[in-house]
Each structure stands twice: as structure tokens, then as C-alpha cells.
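Coordinate analysis (summary)
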Amino acid sequence: MYHHVKELMYTVNVGVADATFGNMLLEQFGGANGELAAAMQYSIQGLNCEDAARKDLLLDIGTEELSHLEVVGTLIRMHLKPMKKARSEAEADPLVAVAGGGGVGLLNSAGNPWTADYLKITGDLAVDLRSNIAAEARAKIVYERLINFTDDPGTKEALQFLMTREITHMRAFAAALETMDKPAFSIGTIAPTPGLVDQFYDDSTGVGESGTTDGAGTIAKRAGLQVVESPIFKGAGLDVKPHKPVPGSEKTSPADSEPVGDTTAGRERRRAS
Ligand code: MN
Ligand code: MN
């Protein structure tokens, strides 16, 4: 259940209200990487999670994100306040001023309505945790950019708090994934095709503006991938000989979500091991 405590998670102080900055802050209220998106993504993933410990972690962080929504919403309202009276300030965001009365709405900084399309919820815990690590990285960089665009000390401090929490969450999600004890690239229950999975396809030719001929290949080799040239340029191409999918061939974790589809073979294999 949810319970509201009449106290902000972080006390917000604004020295000089800046309606234009308030509009920019809406990105973290009703934007793609904002607090509502984070709260909904983790909470709904939590509802779907079958592993008790990770469910607890998802719901804890989802709930903290709702508290962040409250903090950033309060901060935005403080910045939007002058918009209610002054025409010059209202011009910073006519949608918020005229249609929204100078209050916060579930919009991003460009006035686009919040949408559940922002959420990444696959029903596979290991996949969802990876999405969450990326979501926290995006939230962090947006907060950092906002910090760089304000001179108000109280605003900077509140944003520093919110930005910091995203890195904490990123670490928690990474720990939740690591403690599942799956190999780094193990997703689902069907192992990828041996050989083919190690091939990096060199899909470009020529010398770019920077004069680099094989930047991607150098990176791929460091990851243990074998660079394969296109047959168009007399290369060997990818190894496309057929390989039958083998259910249960991928390394799984007891914390994994129940596989979807006919995975009988996989279950039998796991029972035998
Ligand atoms: Mn947050
Ligand atoms: Mn977060």
C-alpha cells in the first residue's frame, strides 16, 4: 500500500524564481527520463517480479521515485509562480500558464503529454534490470545538464540530491543483476548460435572524415569478437549455417522470470542438472 507522509524527501528552497527554468525542469516531471516514468517503470516491474528480494528492491526504488516526483514538482511550482501574474513570465510556457494555470502537469519541457510508451517493461527480470540501469544513467545526465543551466543555489542543491539518488539506484540495479549470477550476455533460455555470436560484421568501407578505416573492428576485437568482412568485398561473410534453437541451453538463474513459450525441454534440462 502507499502512504503519504506530509514532508518532502528533500527540502526545496528557491532564491529567484525562473519560469523558463521551471519549464526546462518539466523534463524531469513528465518527460521520458523523468520521475513519473521511473516510478511507474520500477513499480510495475516490481508487481510482475517473481523473485522476492528483487521485487522488494524494485518497489522500494519505484516508491522513492514517487518521492522524487514530489520534490521536483514542488521545485517546478516555485519556479513557475511568477507565470501566474506576469505576461512576460507566462510567455516562457503559454501551455503551462494559460491551460495549466501555472501549475505542474504531466508534460515534458516541450509540452508533450507523458505517455506509458516511455516505459520499458518486458516481464523478464534480467532484461528489465538492464533497462533500469540505462534509465538511471539517462536521468543522471538530464539532472546534470539542468544543474549546469541554473545559478540558483537552492535549486542546484535540490537537483544535486536528485541526481545523486539516480546513481545510487543505478548501483542497486547493477547489484540486483550481478547477484543473479548469470554470465554478462546471458539473456533468456535459448543460447545464441556458437561461432556466429562471436562475429562482428564489418559493415562499412572507405575512409571517413576522421581518416579512420577500422575503428569499430579495433573495439570489437577487444571484446573478443572476430571481425568478418562482407562477401561484397571478397570477405567470408557471417557464418550463416543453420543452428537449431535449443530450449534450456542458456545459463539461467533461480531469480529469473518464468520463461514465456513452450520451454518444456528447458525445464527438464534444468531439473536434470
Ligand atoms: Mn529519481
Ligand atoms: Mn532513480
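In this report, the structure presented in the accompanying data block is examined. (Residues numbered from 1 in each chain as written. Chains lettered and ligands numbered in written order. Predicted model: local features only at pLDDT ≥ 70, side-chain atom pairs only at ≥ 80, totals over all residues.)

Looking only at helices and strands, one finds 10 helices and 2 strands in the protein chain. When the helices and strands of the protein chain are read in sequence order from the N terminus, they spell out α-α-α-α-α-α-α-α-β-α-β-α. Taking 2.2 N^0.38 as the reference for a compact globule, 273 residues should give roughly 19 Å; the C-alpha atoms of the protein chain span a radius of gyration of 24 Å, well beyond that estimate. Based on the C-alpha atoms only, the size of the protein chain along its principal axes is roughly 70 × 55 × 30 Å. Sequence-distant contacts in the protein chain: of pairs separated by 6 or more residues, those separated by 24 or more amount to 73%. (Helix = DSSP H or I, 4+ residues; strand = E, 2+ residues; numbered from the N terminus. Rg over C-alpha atoms; globule rule 2.2 N^0.38 Å. Contact = placed C-beta atoms within 7 Å.)

With 24 residues, helix α7 (residues 125–148) should reach 34 Å at 1.5 Å per residue; the first-to-last C-alpha distance of 35 Å fits that figure. Within α7, the full set of buried residues consists of Leu 125, Ala 126, Asp 128, Leu 129, Asn 132, Ala 135, Glu 136, Ala 139, Val 142, Tyr 143 and Leu 146. Looking at the buried side of α7, the elements it contacts are α1 (19–25), α2 (27–30), α3 (35–48), α4 (52–80) and α8 (153–178). (Expected span 1.5 Å × (residues − 1). Buried ≥ 20, exposed ≤ 12 C-beta atoms within 10 Å, placed from the backbone.)

Another aspect to go through is the packing of α7 against α8. Put simply, α7 and α8 touch, their axes get as near as 9 Å, and they point 160 degrees apart. Classified by the angle their axes make, α7 and α8 are roughly antiparallel. Taken as a pair, α7 and α8 cross one another with a handedness that is left-handed. When grouped by side-chain class, the residues that make up the contact of α7 with α8 number 17 nonpolar, 3 polar and 6 charged. (Axes fitted to C-alpha atoms, helices over the stretch in contact; angles between N-to-C directions. Parallel < 35°, antiparallel > 145°, perpendicular 65-115°, else oblique. Left-handed = near helix turned anticlockwise from the far one by under 90°. Nonpolar A, V, L, I, M, F, W, Y, C, P; charged D, E, K, R; others polar.)

Assignment of secondary structure puts Ala 175 in helix α8. Distance from Ala 175 to Leu 129, taken between C-alpha atoms, is 9.6 Å for residues 46 residues apart in sequence.

Right, let's talk about helix α9 (residues 215–222) for a bit. The buried fraction of α9 amounts to 0 of the 8 residues, a small share that puts the element mostly on the outside. Note on α9: the residue one or two positions beyond its end, Gly 224, has a positive phi of about 80 degrees.

On to the nonpolar core, then. Generally speaking, soluble globular proteins have nonpolar side chains that are buried together. If you look at the biggest cluster of nonpolar residues, it comprises 43 residues, and the most contacted ones within it are Leu 25, Phe 29, Val 72, Leu 75 and Ile 76. Contributions of two or more residues to this core are made by α1, α3, α4, α6 (94–99), α7 and α8. Looking at this core, the element that brings in the most residues is α4, giving 10 residues. (Core = buried A, V, L, I, M, F, W, Y, C linked by C-beta atoms within 7 Å.)

All right, on to the environment of Ile 44 then. Along the chain, the position of Ile 44 falls in helix α3. Looking at Ile 44, the number of C-beta atoms within 10 Å reads 17, which means it is partly exposed. C-alpha separation for the pair Ile 44 and Leu 119, spaced 75 residues apart in sequence, amounts to 9.5 Å.

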